[in-house]
Amino acid sequence: DTALIRQQWPMLRRCLLGQKVDARGTLPFFGDETYRFPGYELFAAGKPAPDWVHMLTRSLDAGMEYTVATRALAEMAPAAGHPEEVAEYRAAADRVQRATEQYFSQASGILAPALSDISEDKQQNPFAAINLSAWWLGYEGDPARMEENYRQTLRYLLKPSGTVMSTPQVGYYVTLQLGFLLHAASALRDPARAQMLEGLLNAAEASGGFAEMNQPNDRPSDGIWGHHRFRPWEGGINSEAVLFALTGLEVDLPNRALKLRPWLPPGTRSLTVSPLLAGRCRMKLELSATELKLTREQDPDGQPLNVTIAL
């Protein structure tokens, strides 16, 4: 269904081409990143946050987001009636991706979360909400470089609880970074993902909601920001990460393609996921140590699906 995309196309194009891409091909932080709050609220409370990202620098996060969004427009343009724009979007995506991988790379293997806007000086320390976001975003950088960034980031930030600090010196964090972590671990098939799944679930409230900001002990921040803020932004990212960890679900609806890589966490005897959605097609996935079953329960379109399952 392309009706909404066609209707909103001028706005989508403007949102993309209105970004402040500099001569190098890098972008600034936009100022409303949810992960900015732990550090700035700590500053306001008189507590130290010595290796926090300064928001007036150039942003690795924004570069990855721009690349993903631009490639998405290139993919949608023909269906939206604008095939003549595809080359423009692809060129813009290539330029920003080249700059992102050139200017934010470091010898340590950690992608710098921030870059000076007047030099090539980089923030050397990892920042969980940026360094672990690429897999959730769908950013397809150099695979070896991205995996090394993941490994080296966790050397500094992973806690025994299966959660991560924001930076090597700041334990307060916005809770969506736990979803980024689990999504990345699942995409890379990290053996530690069971620990990360447990950490993410333990960081939730009894209601199932996630606070915007947690303390270093993985409980909602009390007294410094966030205690009253339980939000669908963090909860949505974390819920999707759990679904991805358990099913590996990837849907390519225009090509009627569905990929699954279901996973039984250690100690789990069986898994049932229902409904599993691909457009209006509703399926049920059942998995045990000896059986895998995928049942199409409802499909008003009745079109074939190409299903690939890896175990």
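Quick notes on the rules
Residue positions are counted from 1 within each chain, in the order its sequence is given. Given that this is a predicted model, residues contribute local features only at a pLDDT of at least 70 and side-chain atom pairs are listed and counted only at 80 or more, while totals for whole chains, interfaces and linings are drawn from all residues. Just so you know, side-chain values use all the structure's heavy atoms and leave hydrogens and water out. Per the convention used, a helix needs a DSSP run of H or I reaching at least four residues, while a strand needs a run of E reaching at least two, with both numbered from the N terminus. As a reference, a globule follows 2.2 Å times the number of residues to the power 0.38, and the radius of gyration itself is taken over C-alpha atoms. Summary of the burial criterion: residues with accessible area below 20% of their type's maximum are buried, those above 50% are exposed, and those between are partly exposed, where the area comes from a 1.4 Å probe applied to protein chains only. Computed by Shrake-Rupley with a 1.4 Å probe, the accessible areas treat only the displayed protein chains as cover when residues are assessed. His is not counted here, nor are the chain ends, while Lys and Arg score as positive and Asp and Glu score as negative. Working definition for charges: the position is that of NZ of Lys, CZ of Arg, CG of Asp or CD of Glu. Here the nonpolar core consists of buried residues drawn from Ala, Val, Leu, Ile, Met, Phe, Trp, Tyr and Cys, with membership extended through side-chain atoms lying within 4.5 Å. A contact between two residues is defined here by any heavy atoms of the two lying within 4.5 Å. DSSP bridges decide pairing: two strands pair if at least two such bridges lie between them. Angular values range over 0 to 180 degrees, each being the angle between N-to-C directions of two axes fitted as lines to C-alpha atoms, with helices fitted over their stretch in contact. Any two of the Phe, Tyr and Trp rings considered here, Trp counted by its six-membered ring, make a pair once their centres fall within 6.5 Å; the pair's planes then place it as stacked at under 30 degrees, edge-to-face at over 60, or tilted in between. By the criterion applied in these results, polar contacts are pairs of N or O atoms within 3.5 Å in which, for protein atoms, one can donate a hydrogen and the other can accept it, and in which residues neighboring in sequence qualify only through two side-chain atoms. Residue-level confidence of the predictor, termed pLDDT, takes values from 0 up to 100. To estimate how far a helix should reach, multiply one less than its number of residues by 1.5 Å.

## As for the overall build of the protein
Step number 1: Check the secondary structure of the protein and you find 10 helices and 10 strands.
Step number 2: The C-alpha radius of gyration of the protein comes to 20 Å, within 12% of the 19 Å expected for a compact globule of 311 residues.
Step number 3: Dimensions of the protein along its principal axes, counting C-alpha atoms only, are 55 × 50 × 35 Å.
Step number 4: Burial status across the protein gives 48% buried among its 311 residues.
Step number 5: Counting every atom, the protein has about 15400 Å² of accessible surface; 52% of that belongs to carbon and sulfur.
Step number 6: Treating the 31 positive side-chain charges of the protein as one cloud and the 36 negative ones as another, the clouds have centres 2 Å apart.

## Describing unusual backbone geometry
In most cases, non-glycine residues show a negative phi, while peptide bonds are predominantly trans.
Step number 1: Along the chain, Ser274 connects to Pro275 via a cis peptide bond; the corresponding omega equals 0°.
Step number 2: Topologically, Pro275 is positioned in strand β7 (residues 270-278).
Step number 3: Even without glycine at this site, Asp218 takes up a positive phi of about 70°.
Step number 4: By the element assignment, Asp218 lies in the loop between β4 (213-214) and α10 (232-247).

## Focus on the nonpolar core
Step number 1: Formed by 67 residues in total, the largest nonpolar core has its most connected members in Tyr35, Leu132, Tyr150, Val164 and Leu182.
Step number 2: Among the elements that line this core, the one with the most residues is helix α8 (residues 176-187), at 7 residues.
Step number 3: When sequence neighbours within four positions are dropped, the list of residues in contact with Tyr150 reads Leu132, Trp135, Leu181, Ala184, Ala185, Leu188, Asp190 and Met196.
Step number 4: Leu16, Ala62, Leu73 and Tyr89 belong to the second-largest nonpolar core, a separate cluster that totals 13 residues.

## Some thoughts on the sheet that holds strand β9 (residues 292-298)
Step number 1: Pairing is antiparallel across the open sheet formed by 3 strands, whose spatial order is β7-β8-β9. Looking at which strands have only one partner, the edges of the open sheet turn out to be β7 and β9. Taking each pair of neighbouring strands and ignoring which way they run, the sheet shows an average axis angle of 20°.
Step number 2: Note: strand β8 (residues 281-288) against β9, 6 bridges, orientation antiparallel.

## A short note on the packing of aromatic side chains
Step number 1: Across all of its chains, the model carries 6 aromatic pairs by this definition.
Step number 2: Ring centres of Trp52 and Phe127 lie 4.9 Å apart, and the angle between their planes is 65°; this geometry places the pair in the edge-to-face category. Residue Trp52 is found in the loop between α2 (37-44) and β1 (58-59), and its partner Phe127 is found in the loop between β2 (114-115) and α5 (128-131); the two are separated by 75 residues along the sequence.
Step number 3: Seen in terms of ring centroids, Trp136 and Phe180 are 5.4 Å apart; in terms of plane orientation they differ by 40°. Their pairing is tilted.

## A short note on the side chain of Arg256
Step number 1: Here Arg256 is to be found in the loop between β5 (250-252) and β6 (257-260).
Step number 2: Looking at Arg256, its side chain comes within polar contact range of the main-chain oxygen of Gln303, at 3.2 Å.

## As for the confidence of the model for the protein
Step number 1: Summary statistics for the protein give a mean pLDDT of 94 and a share of 98% for residues scoring 70 or more.
Step number 2: Mean pLDDT values over the elements of the protein span from 90, in α2, up to 98, in α8.

## Structural notes on helix α7 (residues 143-157)
Given 3.6 residues to a turn, an α-helix orients residues that are three or four positions apart in the same direction.
Step number 1: Given a rise of 1.5 Å per residue, 15 residues ought to cover 21 Å, and the 21 Å separating the end C-alpha atoms of α7 matches this to within 8%.
Step number 2: On its buried face, α7 sits against α5, α6 (134-137), α8 and α9 (193-202).

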